[in-house]
Amino acid sequence: MNEVDVASKLQRFMKNQLANLTTMITSGGVDNMEEYKYILGQIRTYEFLLQEISNLLNNKELKQDAGNVIKLD
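How each quantity is defined
Residues numbered from 1 in each chain as written. Predicted model: local features only at pLDDT ≥ 70, side-chain atom pairs only at ≥ 80, totals over all residues. Heavy atoms only, no water. Helix = DSSP H or I, 4+ residues; strand = E, 2+ residues; numbered from the N terminus. Expected span 1.5 Å × (residues − 1). Buried < 20%, exposed > 50% of the residue type's maximum accessible area, 1.4 Å probe, protein only. Polar contact = N/O pair within 3.5 Å; in protein donor to acceptor, adjacent residues only side chain to side chain. Core = buried A, V, L, I, M, F, W, Y, C linked by side-chain atoms within 4.5 Å. Contact = heavy atoms within 4.5 Å. Patch = residues over 30% accessible without salt bridge, like charges linked within 9 Å, V, L, I, M, F, W, Y side chains within 5 Å. Areas by Shrake-Rupley, 256 points an atom, 1.4 Å probe, with all protein chains shown as cover. Salt bridge = Lys/Arg side-chain N within 4 Å of Asp/Glu carboxyl O.

*Asks:* Tell me what's going on with the environment of T22, and back it up with residues and numbers.
*Replies:* Tracing the sequence through the fold places T22 in helix α1 (residues 3–26). Between the C-alpha atom of T22 and that of Q42, which follows or precedes it by 20 residues, the distance is 9.9 Å.

Now the structure itself:
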């Protein structure tokens, strides 16, 4: 298993968790403000981590494709 596979599996897991937390908040499954703030913090963390993984994967893809560019100077 290479880095891209691990990152993709992590993304899938985090997106699933993010969807579950979002559903919990929007469906009224939160009992008090402390729990609401805690879940909101988790949502923000998952969104941040998903963006960072996406950025890392994009940089890796750009580096892999770097040899495919032909300059016509």
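Now that the structure has been shown, the text picks up again.
*Asks:* Before we move on, can you summarise α1 with the specific residues and values?
*Replies:* If you check α1, its first and last C-alpha atoms are 34 Å apart, about what 24 residues at 1.5 Å a residue would give, namely 34 Å. Inspection of α1 places A7, Q11, M14, L18, L21 and I25 among the buried residues, and these make up the whole buried set. With a side-chain oxygen lying 3.2 Å from the backbone nitrogen of V4, the N-terminal cap of α1 falls on N2. Directly beyond the C-terminal end of α1, a positive phi value near 80° is found at G28.

*Asks:* Residues and numbers for the nonpolar core, please.
*Replies:* When a protein is soluble and globular, its nonpolar side chains tend to lie buried together. Listed in full, the 12 residues of the largest apolar core are A7, M14, L18, L21, I25, V30, I39, I43, Y46, L50, I53 and L57. At the level of secondary structure, the elements contributing two or more residues to this core comprise α1 and α2 (33–65). Considering each element in turn, this core owes the most residues, 6 residues, to α2. Residue contacts for M14: discarding those within four places in its chain leaves Y46, L49, L50 and I53.

*Asks:* Mind laying out a nonpolar patch on the surface, listing which residues take part and the relevant values?
*Replies:* A cluster of nonpolar side chains, M1, V6 and L10, forms an exposed patch at the surface whose accessible area comes to about 310 Å². One can find M1 in the segment before α1. Residue class for M1 comes out exposed when judged on its relative accessible area of 71%.

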